[in-house]
Amino acid sequence: MSSDLAVKTREPDPLPPEKAPFFSRPSGKIFLIWLAMTVVGVLIGFYAPHHLLPTMLSVEGRAVWATVVLLTVLAAPVAAFVYGVGFYSLVAWRQRGYGQSDEPPPDGPPLRGNSGLTILWLVVSGVLVVVMLVWGLAELASENATHPNSLQVDVTGQQWLWTFSYPGAGNLETRSLVLPDNRTIVFHVTSEDVTHGFWPVELGVQVDANPNVVTTIQATTNKLGAFTVRCSQLCGLYHSFMYASGAVVTPQAFAVWLHAHGASALTASDVARVSSSS
Amino acid sequence: MSEKPGRERKPKALGIILTFVAVAIGVAVVAILFHAQTYTSPVGTQVAKSVGTVTVNGQTLQHVTLAFNTYPDASGSVDGQAIHPGGNPSWPSYGPTNQFQVPAHALVTVTMRQYDSGGSLNNPWFATVRGTVGSVARINGRLVHAVNPNNVGHTFTVRGAPGTDPGFFVNVPLPAVPGNNQSDNGQYETVIFSFVSGSQGVYGWNCEYPCGTSVAGFGGPMSAFGYMSGFLHVV
């Protein structure tokens, strides 16, 4: 190659000497980026659910909320580290003068194994996974616990409507799902045709509605309010229309609602038994 | 003198831009086709006919009427109007259209002729008249609250989409005409009912009798737009 075609290439910037101040070194700068991104991630973890999740009306819904917060907070420092190193590398260690030479970039310094870093990485990852596993198993166990005075509700999905039946109230069947507060509700879910997904959003539970199969899932209401039941499985032409309205009401209001919606065959004691949580 | 690499990259950049443009055009075409498929009917929209005002529960409402039928197959025509132009001739169908337009908060009186045979509903809950004035329908001149769930030809079942009246719901079961096959023998059941329309928006209606094919009778005409389903446009 003739000397006039030789293109000057920048040598990699020399790393600051070890005795340079920590925050002047790449590791220090990456640490600052990581710290800032972690703080942002943790703040997102605490505040984003207020905007992304609905107001939960059940114990299980609150557990979903708490799980979203926990996992986001746990993931924040990990994601911040990955993105922090990535962004810093892209900016500080990019190849300068790209396109000005046919010469390949110079090799970087050789990297050797780092036992301490490997152990730290494995331990931190292991702890995070174990925490998530224990948390998940505990939540799952609480959702499957049996409650003696639970309210049974039969849920039937059909293209493209939900219907709800109350076996303890003379099989009163309705299009809206009204539930008493402070009560464990056991949903027996099935389908008349194809697979649907029973998803009362604000109750924080979800299960498939399969034809010829009854699947059980439960939720314990703990807050008054309205909620929406949606279908979570793409079930056909009017899947997007397949929703129902619901509400968690006081036990007294629930008793009134039962009477008002045709539970005329019920005796007063029947209504009291179905609507009472004690 | 060698050419600058920057110039060599131009064709590559042009290719990327063209790819993005092609993808954007593709997405737009699919969206337009989807929208057209969703909200058009082979024979347009039937706009409800105004017939004056009426008092319902102490409220004076505009009174409008709609008239449509259900047929055992989509091949024929009624009064010179094709039931389902270009449709599958062997599928049962509503006709002459599946798109209806009514004013908001008006009394809508529907007159239907049900020409089809039928059978048992998957869910007997749909055998009850729901959401109409008085929760009744007039079938062949007789007021009824419900029909035999094992002798239903079709149902006219309307519900709102998210964003419309969440409580709006109309279900009218249409009794089957005698016969065990889906051939038009000329017999029909006359069904008349009235309901008060909800607020503005698009409401979906469909049949809840499994008159289709394949999965639980909900394939074919039950899963293809325009036969056993449609929209009620409340304006």
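Keep in mind the model is a prediction, meaning the values are calculated, not measured. Think of each chain on its own: its residues are numbered from 1, step by step along the sequence as written. Written order decides the labels, with chains lettered from A and ligands numbered from 1. In keeping with the predicted nature of the model, local features appear solely for residues at pLDDT of at least 70, side-chain atom pairs appear and are counted solely at 80 or more, and the whole-chain, interface and lining totals rest on all residues. Processing note: side-chain calculations cover all non-hydrogen atoms of the structure and skip hydrogens and water entirely.

> I would appreciate a short explanation of the overall build of chain A in the present structure.
Helix and strand definitions follow DSSP, with helices as H or I runs of at least four residues and strands as E runs of at least two, each counted in order from the N terminus. When its secondary structure is counted, chain A shows five helices and 10 strands. Counting only residues that meet the buried cut, chain A has 35% of its 278 residues in that class. Here, two residues are considered to be in contact whenever any of their heavy atoms come within 4.5 Å of each other. The long-range fraction of contacts in chain A, counting pairs at least 24 apart against all pairs at least 6 apart in sequence, stands at 67%. The buried label goes to any residue with under 20% of its type's maximum accessible area, the exposed label to any with over 50%, and the partly exposed label to all in between, with areas taken from a 1.4 Å probe on protein chains only.

> How do you make sense of helix H3 (residues 115-143) of chain A when you look at a structure like this?
Multiply 1.5 Å by the residue count of a helix minus one, and that product is the helix's expected span. When the terminal C-alpha atoms of H3(A) are compared, their 42 Å separation across 29 residues agrees well with the 42 Å that a helix rising 1.5 Å per residue should span. One side-chain oxygen at the N-terminal end of H3(A) lies 3.2 Å from the backbone nitrogen of A:Gly116; it belongs to A:Asn114. Polar contacts, as counted here, are pairs of nitrogen or oxygen atoms within 3.5 Å of one another; within protein the pair requires one atom able to donate a hydrogen and one able to accept it, and residues that are adjacent in sequence qualify only if both atoms are side-chain atoms.

> Before we go on, may I ask you to explain the packing of aromatic side chains in this structure?
To describe a pair of aromatic rings, you give the distance between the ring centres and the angle between the ring planes. Aromatic contacts are taken between Phe, Tyr and Trp rings whose centres are within 6.5 Å, Trp giving its six-membered ring; a plane angle under 30 degrees counts as stacked, one over 60 as edge-to-face, and the others as tilted. Inspection of every chain in the model, using the stated rule, returns 32 aromatic pairs over all chains. Centroid distance A:Tyr88 to A:Trp93: 5.2 Å. Interplanar angle 85°. Geometry classified as edge-to-face. The class of A:Trp93 is partly exposed, set by a relative accessible area of 48%. Aromatic side chains B:Trp125 and B:Phe126 sit 5.2 Å apart centroid to centroid with 85° between the ring planes, which places their arrangement in the edge-to-face category. Both residues of the pair, B:Trp125 and B:Phe126, count as buried. A network of ring pairs unites the aromatic residues B:Phe68, B:Tyr94, B:Phe100, B:Phe156, B:Phe168, B:Phe193, B:Phe195, B:Tyr203 and B:Trp205 as a single cluster.

> Even after reading the chapter, I still don't get the sheet that holds strand E7 (residues 207-209) of chain A, so can you show me in this structure?
The strands making up a sheet associate through backbone hydrogen bonding, with each pair oriented either parallel or antiparallel. All names here are of chain A. By definition, two strands form a pair when at least two bridges between them are found by DSSP. Read from one edge to the other, the open sheet built from five strands follows the order E4-E10-E9-E6-E7, with strand pairing classed as mixed. The open sheet has two free edges, formed respectively by strand E4 (177-180) and E7, since each of these has just one partner strand. Here the strands of the sheet are splayed against their neighbours by 25° on average, with no regard to which way each runs. With three bridges connecting them, strand E6 (residues 196-200) and strand E9 (residues 225-231) associate as antiparallel partners. The residue bridging Trp199 from the neighbouring strand is Arg230, located in E9. In the packing of helix H4 (residues 251-260) onto the sheet, contacts are made with E4 and strand E10 (243-249), and the angle to E4 comes to roughly 140°. To define axes, lines are fitted to C-alpha atoms, for helices over the stretch in contact only, and angles between the resulting N-to-C directions are given on a 0 to 180 degree scale.

> Is there a simple way to think about the interface of chain B and chain A in this case?
As a measure of interface size, the accessible area lost when the parts come together is often cited. Counting residues at the interface gives 32 residues for chain B, matched by 21 residues for chain A. A quick way to say it: buried area is the sum, across both parts, of accessible area lost when two parts are put together, with a 1.4 Å probe. Approximately 2,200 Å² of surface area, both sides summed, lies buried where chain B meets chain A, with 60% of it carried by carbon and sulfur atoms. Among the residues of chain B in contact with chain A, B:Trp125, B:Arg159 and B:Pro162 are the three that bury the most area, contributing 25% of the side total. Each reported salt bridge corresponds to a side-chain nitrogen of Lys or Arg within 4 Å of a carboxyl oxygen of Asp or Glu. Where chain B touches chain A, the interface holds zero salt bridges. Our count for the chain B to chain A interface comes out at five residue pairs in polar contact (both at pLDDT 80 or more). Breaking the side of chain B that touches chain A down by element, the ones donating at least two residues are strand E11 (152-160), strand E14 (201-206) and strand E15 (229-234) of chain B. Among the elements that take part in the side of chain B that touches chain A, E14(B) stands out by supplying five residues, more than any other.

> Any chance you could explain the confidence of the model for chain A here in plain terms?
Low-pLDDT stretches of the model should not have their predicted coordinates read in fine detail. Residues and elements named next belong to chain A. How sure the predictor is of each residue is captured by pLDDT, a score from 0 to 100. For chain A, mean pLDDT is 85; residues scoring 70 or higher make up 86% of the total. Within chain A, the lowest mean pLDDT, 54, falls on helix H5 (residues 268-275), and the highest, 97, falls on E6. Scored below 50 in pLDDT, residues 1-7 makes four contacts in the model with residues more than four places away or belonging to other chains.

> Can you help me understand the packing of helix H1 (residues 26-52) of chain A against helix H2 (residues 59-92) of chain A in this one?
Helix packing geometry: the angle between the two helix axes and the distance between the axes. Residues and elements named next belong to chain A. Running from amino to carboxyl end, H1 crosses H2 at an angle of 155°, the nearest separation of the two axes being 7 Å. With respect to their mutual orientation, H1 and H2 come out roughly antiparallel. Of the two possible hands of crossing, H1 and H2 adopt the one that is right-handed. Classification convention: Asp, Glu, Lys, Arg as charged; Ala, Val, Leu, Ile, Met, Phe, Trp, Tyr, Cys, Pro as nonpolar; all other residues, Gly among them, as polar. Of the residues in the contact of H1 with H2, the class split is 20 nonpolar, six polar and one charged. To sort the angles, those under 35 degrees are grouped as roughly parallel, those over 145 as roughly antiparallel, those from 65 to 115 as roughly perpendicular, and the leftovers as oblique. The hand of a helix crossing depends on one turn: near helix anticlockwise from the far one by less than a right angle means left-handed, and clockwise means right-handed.

> Whenever I open this one, the side chain of A:Gln218 confuses me. Can you help?
Residue and element names in this part refer to chain A. The residue Gln218 is located in strand E8 (residues 215-220) in this model. With relative accessibility at 11%, the residue Gln218 sits in the buried group. For Gln218, the contacting residues outside a window of four places in its chain are Glu60, Glu143, Asn144, Ala145, His147, Thr184, Ile185, Val186 and Val205.

> Quick question: what am I supposed to make of unusual backbone geometry here?
Residues apart from glycine generally show negative phi values, whereas peptide bonds are mostly found in trans. A:Trp160 follows A:Gln159 through a cis peptide bond whose omega is 0°. Note that A:Trp160 resides in the loop between strand E1 (151-158) and strand E2 (161-166). Following B:Gly95, the chain continues into B:Pro96 via a peptide bond in cis, with omega recorded as 5°. Turning to its location among the elements, B:Pro96 is positioned in the loop between strand E6 (93-95) and strand E7 (99-102).

> What's the story with H1(A) in this structure? I'm lost.
Each α-helix turn comprises 3.6 residues. Residues three or four places apart therefore point the same way. All names here are of chain A. Over its 27 residues, H1 extends 36 Å from the first C-alpha to the last, a length consistent with the 39 Å expected when each residue adds 1.5 Å. A bend of about 35° at Phe46 is the largest found in H1, and the proline Pro49 appears one to four places after it. Within H1, the full set of buried residues consists of Pro26, Gly28, Ile30, Thr38, Gly41, Gly45 and Pro49. On its buried side, H1 packs onto H2. Think of it this way: the bend at a residue is just the angle between two axes, each fitted to seven residues, one set ending at that residue and the other starting at it.

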